[in-house]
Amino acid sequence: MRRPILLVISAPSGAGKTTVARRLAEDYGFVHVVTATTRPPRPHERDGVDYLFTDEATFRRWIEEGNLFEWAEIYGNLYGIPKENLYRPLREGRNVVLTVDVNGKRALERVFADSDEVEFRTIFLVPPSLEVLRERLMRRGDPPDVVERRLKKAAKEMEYASEYQHVVINDDLNRAVDEIARILGLRR
Ligand code: ADP
């Protein structure tokens, strides 16, 4: 039997990683393992879909009880991957996808890169251009100042692309999902 795929997707904010992960779940049966966070949800974000939103007391308890695979504090907010949400589907032999930043990817890589239990794969998703990224962020409803901040950050984040196994351009969603499925050997 084939080992389950542990797919890590990183991308600048707005490049489409959540959308692609959702399609991998819908069309290919992946489990999207979402990050837990103490930061408040943004208007377009849904609990359990984009992130697991929780309060600081609960999050601190998870840390103490060792329930988190890894965690980090960014601008005063806590982020982490609940261990069981990751390990349960893998034990069941299901493919999982995580949408995390480069630090999350590195933490997962340290544990899973040489694992015999899972097939560890990494993809960096990029928008066709910064202009298209701007349009998507605006269409998503991000406020103008946030859009500008994300665009500046995106240019920097692009530098991490080379430490991923594959770079996929999210131009047309169906095409990008097809390409990822092909990369993972899920279709010809
Ligand atoms: P991320 O999770 O990387 O921040 P999202 O998945 O939220 O990005 O996508 C950002 C916005 O762009 C969303 O409104 C989404 O519907 C849209 N989007 C994603 N992929 C595409 C695509 N290939 N073509 C057009 N719009 C897209």
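Residues numbered from 1 in each chain as written. Predicted model: local features only at pLDDT ≥ 70, side-chain atom pairs only at ≥ 80, totals over all residues. Heavy atoms only, no water.

Asker: How should the sheet that holds strand β7 (residues 96-99) be read in this particular structure?
Answerer: Backbone hydrogen bonds are what pair the strands of a sheet, in a parallel or an antiparallel way. Taken in spatial order, the five strands line up as β2-β7-β1-β8-β9 in an open sheet, and their pairing is parallel. With one partner strand each, in any of the chains shown, β2 (31-33) and β9 (166-169) form the two edges of the open sheet. Taken over all neighbouring pairs, the strand axes of this sheet differ in orientation by 30° on average, direction set aside. Packed onto the sheet, helix α3 (residues 83-91) meets β1 (5-10), β2 and β7 and runs at close to 155° relative to β7. (Pairing = 2+ DSSP bridges. Helix = DSSP H or I, 4+ residues; strand = E, 2+ residues; numbered from the N terminus. Axes fitted to C-alpha atoms, helices over the stretch in contact; angles between N-to-C directions. Contact = heavy atoms within 4.5 Å.)

Asker: Just checking my understanding: could you explain the pattern of salt bridges for this structure?
Answerer: A side chain with one charge may pair with a side chain of the opposite charge, provided their charged atoms come close. Taken as a whole and judged by the stated rule, the model has 19 salt bridges. Residues Glu-65 and Arg-61 are paired through a salt bridge, measuring 3.8 Å at the closest nitrogen-oxygen approach. The partly exposed category is assigned to Arg-61, whose relative accessible area is 42%. Close ionic contact of Asp-171 with Arg-175 constitutes a salt bridge, the shortest N to O distance being 2.8 Å. Residue classification places Arg-175 among the partly exposed residues on the basis of a relative accessible area of 31%. One continuous salt-bridge network, built from bridges that share partners, spans Lys-105, Arg-106, Glu-109 and Glu-163. (Salt bridge = Lys/Arg side-chain N within 4 Å of Asp/Glu carboxyl O. Buried < 20%, exposed > 50% of the residue type's maximum accessible area, 1.4 Å probe, protein only.)

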